[in-house]
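# An overview of the molecular structure
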Amino acid sequence: MSAPTLPRLRPLTLGRHQVWPPVVLAPMAGITNVGFRQLCREQGGGIYVCEMITTVALVERNPKTLRMIAFGADEQPRSLQLYGTDPEITAAAVRIVVERDLADHIDLNFGCPVPKVTRKGGGAALPWRRRLFARLVKAAVDAASPAGVPVTVKMRKGIDDDHLTYVEAGLAAQDAGVAAVALHGRTAAQRYSGTADWDAIATLKQALDVPVLGNGDIWEADDALRMVAHTGVDGVVVGRGCLGRPWLFADLEAAFNGRPERRLPTLGEVTTTMRRHAELLVEQFSAGARTPERGERDGCTDFRKHVAWYLKGFPVGGELRRELAMIESLAQLDDLLAKLDPSVPFPVETLGQPRGRTNSPGKVFLPDGWLASRDDDTVPEGAELADSGG
């Protein structure tokens with residue numbers, strides 16, 4: 001299928017930052033750490049968001065959270081996503097980011113569909129309480145504006161098909177002064193099932209004056225082009241599509257620059273990328289480790305989750321896959337990768353297929369009486385998360 005003809009796109013403007021191509025790496029818990037972001041940045045341009053940081057953990061100076069707010073020396077702009085439910089705590093967290101110069105861009109998470117979050121009124125449940133949502137976003141923007149730090153929001157269509165909030169929430173965020181709004185074209189009830197509703201993304205784009213970013217079912221670079229052509233969005237947000245395929249960002253850069261090349265790496269080229277990924281993680285974890293050996297072991301342990309994604313569709317035996325998913329050193333990784341046939345071509349049958357989390361639609365758990373009043377702006381009790389990262 002040929003790529004569609006795109007309207008003329010401009011760089012994505014986030015405050016004083018101009019981002020080209022207009023591509024955003026979505027924050028993913030346990031994935032989008034310094035090492036993975038650097039690997040992706042080596043492939044192509046865009047903006048790469050760190051793992052989600054919770055406002056209360058930041059305000060309380062949680063050591064784990066402070067360690068997670070880390071960026072490469074050449075990483076610009078530094079992008080950080082915050083999760084919070086209390087406008088005052090959120091404002092305090094943003095002031096810390098600004099005063100300590102921790103990031104150049106702040107994104108607010110209103111898209112998380114996880115039951116432990118929505119049952120407390122957080123994440124994708126919060127925009128239903130429209131006054132609280134507006135207060136929270138404005139508190140963040142007001143705290144960030146003096147330093148010129150742009151604030152954006154990322155959200156879903158709503159709780160379910162009977163409780164949609166995305167247009168109203170988008171307008172409220174725009175009124176609060178956000179630099180852009182990103183929409184995942186699914187409801188919280190859909191979780192990661194079915195297909196993303198690109199028509200809803202188009203509706204939001206038509207309703208807002210600020211830039212709108214589309215998220216959902218971008219598995220290949222040409223999917224991003226089709227989303228832009230279909231919805232008119234100003235940019236795209238990529239999450240699961242890059243798992244085990246960081247070269248997707250090279251394809252996206254080529255696509256947005258009007259070039260036709262797309263990467264289909266051989267197994268040998270994939271193993272080179274795997275080795276680079278593990279090396280970057282070891283470098284990251286070694287920076288704070290007591291010994292080099294501990295840093296190498298922790299980095300390799302963190303890499304294990306990526307093995308199945310990298311090898312998806314390749315004819316690699318189960319025993320070798322298991323051994324790769326249990327490595328503790330780079331030398332062990334090298335020995336195992338050397339057993340693979342580097343000439344094996346890329347499994348093209350996996351192109352366009354979902355990656356990462358897939359699940360079925362499910363009930364959205366909410367606090368008692370949550371749907372009864374949209375104008376109740378009481379901060380939900382117990383909704384703040386103590387741990388960052390999701």
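Anyway, here's the lowdown on the structure attached to this text. All values reported here derive from a predicted model rather than from experimental measurement.

## Describing the overall build of the chain
When helices and strands are counted, the chain shows 15 helices and 11 strands. Seen along its three principal axes, the alpha-carbon backbone of the chain occupies a region of about 60 × 50 × 40 Å. Counting every position in the chain, which comprises 390 residues, the buried fraction comes to 56%. Contacts in the chain between residues at least 24 apart in sequence constitute 73% of all its contacts with a sequence separation of at least 6. Carbon and sulfur atoms make up 50% of the accessible area of the chain, which amounts to about 16,100 Å² in all. For the chain, the distance from the average site of its 46 positive side-chain charges to the average site of its 49 negative ones is 1 Å.

## Section: the pairing of strand S6 (residues 79–83)
Burial of S6 is extensive: five of the five residues sit out of reach of the surface. Strand direction decides the pairing type here: strand S5 (residues 53–54) and S6, joined by two bridges, are parallel. Counterpart to Thr 54 in the pairing with S6 is Tyr 83. Taken together, the four bridges between S6 and strand S7 (residues 105–110) define a ladder with parallel strand orientation. Bridge assignment links Leu 80 to a residue of S7, and that residue is Ile 106. As for the winding sense of the linkage, the β-α-β connection from S6 through helix H4 (residues 87–99) to S7 is right-handed.

## Details of a nonpolar patch on the surface
A cluster of nonpolar side chains, namely Leu 264, Val 348 and Leu 351, defines an oily patch on the protein surface of about 240 Å² accessible area. Checked against the element boundaries, Leu 264 lands in the loop between helix H10 (248–256) and helix H11 (267–286).

## Quick notes on empty space enclosed by the protein
Counted by the stated rule, this structure contains three cavities of 30 Å³ or more. Of the pockets and cavities examined, the largest cavity occupies roughly 120 Å³. Residue lining of the largest cavity: 16 residues in total, with Val 24, Asp 107, Thr 152, Ala 182 and Leu 213 positioned closest to the centre. Within the residue set of the lining of the largest cavity, elements represented by two or more residues are S7, strand S8 (151–156) and strand S9 (180–184). When grouped by side-chain class, the residues that make up the lining of the largest cavity number 12 nonpolar, two polar and two charged. Around the second largest cavity, the lining residues are Pro 113, Pro 115, Thr 118, Ala 188, Ala 189, Arg 191, Gly 362, Lys 363, Val 364 and Phe 365. Residues of the lining of the second largest cavity, tallied by class, amount to six nonpolar, two polar and two charged.

Here is what the cut-offs are and how they apply
Residues numbered from 1 in each chain as written. Predicted model: local features only at pLDDT ≥ 70, side-chain atom pairs only at ≥ 80, totals over all residues. Heavy atoms only, no water. Helix = DSSP H or I, 4+ residues; strand = E, 2+ residues; numbered from the N terminus. Buried < 20%, exposed > 50% of the residue type's maximum accessible area, 1.4 Å probe, protein only. Contact = heavy atoms within 4.5 Å. Areas by Shrake-Rupley, 256 points an atom, 1.4 Å probe, with all protein chains shown as cover. Lys, Arg positive; Asp, Glu negative; His and termini not counted. Charge placed at Lys NZ, Arg CZ, Asp CG, Glu CD. Pairing = 2+ DSSP bridges. Right-handed = clockwise from strand over helix to strand, strands pointing away. Patch = residues over 30% accessible without salt bridge, like charges linked within 9 Å, V, L, I, M, F, W, Y side chains within 5 Å. Salt bridge = Lys/Arg side-chain N within 4 Å of Asp/Glu carboxyl O. 1 Å grid on protein atoms, 1.4 Å probe; cavity = no way out; pocket = protein on both sides within 12 Å on 5 of 7 lines; lining within 4 Å. Points joined across faces, edges and corners; volume = space filled by probe spheres on them. Nonpolar A, V, L, I, M, F, W, Y, C, P; charged D, E, K, R; others polar.

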